[in-house]
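Chain by chain, the residues:
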Amino acid sequence: MNRPLTAARAHRVIVNADDFGLDLDYNQLTLRAFKQGVISSATLMANMPAFNDACELTLQHGLLGRIGLHFNLTYGAPLSPAMRHQPLFCDPQGQFDLNLRRSALRLPAAAAEALREELQAQWQRCVDQGVRPSHIDSHQHVHNLWPVAAIVARFAAQQGVPVRLARNVGGNIGPLKRLFKSALNRRIRWLCGAGAQSVCTPRDLLEGFRPPGVIEVVAHPTQLAEGDFGDDYLPAQQSLEQLLQQALPGYQRIAYSEL
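Given the structure is predicted, the values throughout are model-derived calculations rather than measurements.

*Asks:* Where do I start with the packing of aromatic side chains in this structure?
*Replies:* Remark: the centre distance and the inter-plane angle together describe each pair of aromatic rings, the angle taken between the planes. Within the structure shown, the criterion is met by two aromatic pairs. Geometrically, the ring pair formed by Trp 146 and Phe 180 is tilted, given 6.0 Å between the ring centres and 50° between the ring planes. One end of the pair, Trp 146, is in helix 4 (residues 146-159); the other, Phe 180, is in helix 5 (residues 175-192), and 34 residues separate them in sequence. On the basis of relative accessible area, Phe 180 is assigned to the partly exposed category, the value being 32%.

*Asks:* Is there a simple way to explain the packing of helix 3 (residues 109-128) against helix 4 in this structure?
*Replies:* In a packed pair of helices, the relevant descriptors are the angle between the two axes and the axis-to-axis distance. Taken N-terminus to C-terminus, the directions of helix 3 and helix 4 make an angle of 45°; their axes are 10 Å apart at the nearest point. Relative to helix 4, the element helix 3 lies oblique. Judged by the sense of rotation from one axis to the other, the crossing of helix 3 with helix 4 is right-handed. Side by side, helix 3 and helix 4 meet where Ala 112, Leu 115, Arg 116, Leu 119, Gln 120 and Trp 123 of the first sit next to Val 148, Ile 151, Val 152, Phe 155 and Gln 159 of the second. The residue inventory of the contact of helix 3 with helix 4, partitioned by class, reads eight nonpolar, two polar and one charged.

*Asks:* What's the story with the confidence of the model for the chain in this structure? I'm lost.
*Replies:* Low-confidence regions, as indicated by low pLDDT, have predicted coordinates that should not be scrutinised in detail. Per-residue pLDDT for the chain has a mean of 94; in total, 96% of the residues score no lower than 70. Of the regions scoring below 50 in pLDDT, residues 1-9 engages in 20 contacts with residues more than four places distant in sequence or in other chains.

*Asks:* Sorry, what's going on with the state of the cysteines here?
*Replies:* Cysteine pairs can be linked by a disulfide, which is a covalent bond between their two sulfur atoms. The final tally for this structure, using the stated rule, is zero disulfides. Unpaired in terms of disulfides, Cys 90 finds its nearest cysteine sulfur in Cys 126, a separation of 18 Å. Not part of a disulfide, Cys 192 finds its nearest cysteine sulfur in Cys 126, a span of 17 Å. The class of Cys 192 is buried, set by a relative accessible area of 6%.

*Asks:* Teacher, can you tell me more about the side chain of Asn 27 here?
*Replies:* Considering the arrangement of structural elements, one finds Asn 27 in helix 1 (residues 24-35). Of the residues examined, Asn 27 reaches a relative accessible area of 0% and is grouped as buried. Polar contacts involving the side chain of Asn 27 include one to the main-chain carbonyl oxygen of Ala 50, which spans 3.0 Å.

The rules behind the values
- Residues numbered from 1 in each chain as written.
- Predicted model: local features only at pLDDT ≥ 70, side-chain atom pairs only at ≥ 80, totals over all residues.
- Heavy atoms only, no water.
- Phe/Tyr/Trp six-rings, centres within 6.5 Å; stacked < 30°, edge-to-face > 60°.
- Helix = DSSP H or I, 4+ residues; strand = E, 2+ residues; numbered from the N terminus.
- Buried < 20%, exposed > 50% of the residue type's maximum accessible area, 1.4 Å probe, protein only.
- Axes fitted to C-alpha atoms, helices over the stretch in contact; angles between N-to-C directions.
- Parallel < 35°, antiparallel > 145°, perpendicular 65-115°, else oblique.
- Left-handed = near helix turned anticlockwise from the far one by under 90°.
- Contact = heavy atoms within 4.5 Å.
- Nonpolar A, V, L, I, M, F, W, Y, C, P; charged D, E, K, R; others polar.
- pLDDT = per-residue confidence, 0-100.
- Disulfide = S-S within 2.5 Å.
- Polar contact = N/O pair within 3.5 Å; in protein donor to acceptor, adjacent residues only side chain to side chain.

Spelled out as structure tokens, the structure:
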């Protein structure tokens with residue numbers, strides 16, 4: 001998966017909308033952003049109430065190959081029985097309530113197995129609806145936790161798809177965090193490869209950062225007036241499309257499957 005970077009690939013950007021399937025309104029907003037060309041990719045939450053609707057929209061509007069899995073360990077109920085009884089991940093009612101320390105380096109064997117089963121269940125639910133994910137990222141960046149990252153990356157390698165790297169662009173990444181992210185991203189690349197060299201938010205672009213290589217912009221679109229789109233990461237009324245055009249002129253927007 002780690003192919004040489006060519007001049008053509010160096011001017012490509014994946015604009016990915018997270019949280020597809022969260023609710024019906026957000027599904028429609030995501031679809032409009034696709035139709036207007038603002039986003040080129042989205043990731044699907046397999047355990048959310050509007051999951052089936054998101055899958056139907058994907059199939060109806062020719063979005064196969066542009067939809068990944070937004071692996072979720074922090075919101076709602078798990079899809080696998082074992083996960084509901086794991087106190088590191090769920091509360092006594094069997095709802096997600098992540099209690100894994102960010103400094104954790106490994107998981108107990110039972111928790112690791114439950115995590116693998118949950119990842120498989122969320123992936124398989126997409127496949128069963130006819131939507132095979134093109135890549136994997138995660139809700140609230142849980143796959144950036146060291147022991148979770150290894151499980152997700154190995155699973156992605158088995159499926160032949162890439163994993164989003166940890167955000168590695170921005171002025172608020174201190175030396176220690178940058179060191180950790182570099183090690184984490186090297187590990188992800190080694191285990192499964194990665195399609196984008198740089199990962200940033202729209203706010204990073206707004207603040208003047210210009211990432212190298214193939215870029216993924218992690219987006220959470222919002223609706224502005226007159227059909228324009230903002231983003232959760234941006235100030236109110238800041239146009240996401242205008243920002244992308246100004247920050248990345250000439251960049252082709254693609255999906256992971258087009259790399």
